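Per-entry structural report
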Amino acid sequence: AQSVTQLGSHVSVSEGALVLLRCNYSSSVPPYLFWYVQYPNQGLQLLLKYTSAATLVKGINGFEAEFKKSETSFHLTKPSAHMSDAAEYFCAVTFSGGYQKVTFGTGTKLQVIP
Amino acid sequence: DAGVTQSPTHLIKTRGQQVTLRCSPKSGHDTVSWYQQALGQGPQFIFQYYEEEERQRGNFPDRFSGHQFPNYSSELNVNALLLGDSALYLCASRGLAGTSTDTQYFGPGTRLTVL
């Protein structure tokens, strides 16, 4: 069975500070990993994805994530937080090929303090 | 490219009623999945449709059913609504596995309130 755990349901950072959102996964086979962002009353927008190519993945809006197999982690980072980054972020896991479902974490709400 | 579209955006029903939600996938996508997102939770997988057949199903009762049409659009039906069915229902589409379209994109969702 596949699963993801997001550490910290709420994270607060100051504007301009480093953003670090944590995600650990559990998977019996090589995973595909994703980060999605959700703004209030909206659907999910894909930030970035890891599909077994480069372990450091760059996404939109200055976000990036590093796949670390030894730590089973896929943490999301951004060097400098912007007010517009305030949203909820979801880590998700699936497998390659076929009709695999995507399993989501419980989400981390990011607050950016001016 | 219109992306994934869903209708309606909001819906209010009473317990015991039935509801149908609709989804049109992103251009070039042939696989549609439905998710339920309760308030303060992550999306939970309901089921996935490909070639007009249900290919995968999550832990949801038979009250939840779906359909995919030849143009790849999809419907989610929920019968005998319960208060606990109140949630944001998200539709997601993707293309052929292992290709450039093999990334899941989400629609804006339908907010269902059951009174």
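Relevant structure appears above.
A brief report on the enclosed structure follows. (Residues numbered from 1 in each chain as written. Chains lettered and ligands numbered in written order. Predicted model: local features only at pLDDT ≥ 70, side-chain atom pairs only at ≥ 80, totals over all residues. Heavy atoms only, no water.)

Let us now look at the overall build of chain A. Scanning chain A from N- to C-terminus turns up zero helices and 11 strands. For chain A, the succession of helices and strands along the chain, N to C, is β-β-β-β-β-β-β-β-β-β-β. Compactness check: chain A gives a C-alpha radius of gyration of 14 Å against a globular reference of 13 Å for 114 residues, within 12% of the reference. The C-alpha extent of chain A, read off along each of the three principal axes, is 45 × 30 × 20 Å. Taken over 114 residues, chain A has a buried fraction of 45%. When contacts within chain A are restricted to residue pairs at least 6 apart in sequence, those whose partners lie at least 24 apart make up 56%. When the accessible surface of chain A is totalled, it reaches about 5400 Å², and 53% of it is carbon and sulfur. Computed over 8 positive and 6 negative side-chain charges, the separation of the two mean positions in chain A equals 8 Å. (Helix = DSSP H or I, 4+ residues; strand = E, 2+ residues; numbered from the N terminus. Rg over C-alpha atoms; globule rule 2.2 N^0.38 Å. Buried < 20%, exposed > 50% of the residue type's maximum accessible area, 1.4 Å probe, protein only. Contact = heavy atoms within 4.5 Å. Areas by Shrake-Rupley, 256 points an atom, 1.4 Å probe, with all protein chains shown as cover. Lys, Arg positive; Asp, Glu negative; His and termini not counted. Charge placed at Lys NZ, Arg CZ, Asp CG, Glu CD.)

Time to look at the nonpolar core. Grouped burial of nonpolar side chains is what soluble globular proteins tend to show. Trp35, Leu48, Phe74, Leu76 and Tyr89 of chain A are the most contacted members of the largest nonpolar core, which totals 26 residues. Every residue in contact with phenylalanine 74 of chain A, bar those within four places of it in the chain, is listed here: Cys23, Leu33, Phe34, Trp35, Leu48, Tyr50, Val57, Ala65, Glu66 and Phe67 of chain A. (Core = buried A, V, L, I, M, F, W, Y, C linked by side-chain atoms within 4.5 Å.)

Each strand in a sheet pairs with its neighbour through backbone hydrogen bonds, running either in the same direction (parallel) or in the opposite one (antiparallel). Residue and element names in this part refer to chain B. Sheet architecture is open: four strands sit in the order S1-S3-S8-S7, paired in antiparallel fashion. Both edges of this open sheet fall to strand S1 (5-7) and strand S7 (64-68), since each of them pairs with a single strand only. Strand-to-strand twist in this sheet, taken as the mean axis angle between neighbours without regard to direction, amounts to 20 degrees. Pairing analysis gives three bridges linking S1 to strand S3 (residues 19-24), with the strands arranged antiparallel. Looking at S3, one finds that glutamine 6 is bridged to cysteine 23. (Pairing = 2+ DSSP bridges. Axes fitted to C-alpha atoms, helices over the stretch in contact; angles between N-to-C directions.)

As a further point, take the pairing of strand S5 (residues 44-50) of chain B. Residue and element names in this part refer to chain B. Where burial is concerned, most of S5 is hidden: six out of the seven residues are buried. Where strand S4 (residues 31-37) lies against S5, six bridges are found, and the strand directions are antiparallel. Following the sheet pairing, tyrosine 35 is matched in S5 by phenylalanine 45. From the end of S4 to the start of S5, which pair antiparallel, there are six residues, and glycine 40 there has a positive phi angle of about 80 degrees. Across four bridges, S5 lies against strand S6 (residues 53-57) in antiparallel orientation.

Here the focus is the interface of chain B and chain A. Each partner contributes residues to the interface: chain B has 22 residues there, and chain A has 19 residues. Between chain B and chain A, the buried area comes to about 1700 Å², and carbon and sulfur atoms account for 53% of it. When residues of chain B are sorted by the area they lose upon contact with chain A, Pro43, Thr103 and Phe106 of chain B head the list and together hold 24% of the total. For the interface between chain B and chain A, the tally reads zero salt bridges. At the boundary of chain B with chain A, the tally comes to three residue pairs in polar contact (both at pLDDT 80 or more). Contributions of two or more residues to the side of chain B that touches chain A are made by S4, S5, S6 and strand S9 (87-94) of chain B. (Buried area = accessible area lost by both parts, 1.4 Å probe. Salt bridge = Lys/Arg side-chain N within 4 Å of Asp/Glu carboxyl O. Polar contact = N/O pair within 3.5 Å; in protein donor to acceptor, adjacent residues only side chain to side chain.)

Among the secondary structure elements, aspartate 85 of chain A is positioned in the loop between strand S8 (73-78) and strand S9 (87-95). Discounting residues that sit within four places of it in the chain, aspartate 85 of chain A has contacts with Phe63, Lys78, Ser80, Leu110 and Val112 of chain A.

Once that is clear, we can look at the sheet that holds strand S3 (residues 19-26) of chain A. Residues and elements named next belong to chain A. If you walk across this open sheet you meet the five strands as S1-S3-S8-S7-S6, and the pairing is antiparallel. A single partner strand is all that each edge strand has here, and the edge strands are strand S1 (3-7) and strand S6 (56-58). Taking each pair of neighbouring strands and ignoring which way they run, the sheet shows an average axis angle of 20 degrees. Strand direction decides the pairing type here: S1 and S3, joined by five bridges, are antiparallel. Each residue of the ladder has a partner; that of glutamine 6, found in S3, is cysteine 23.

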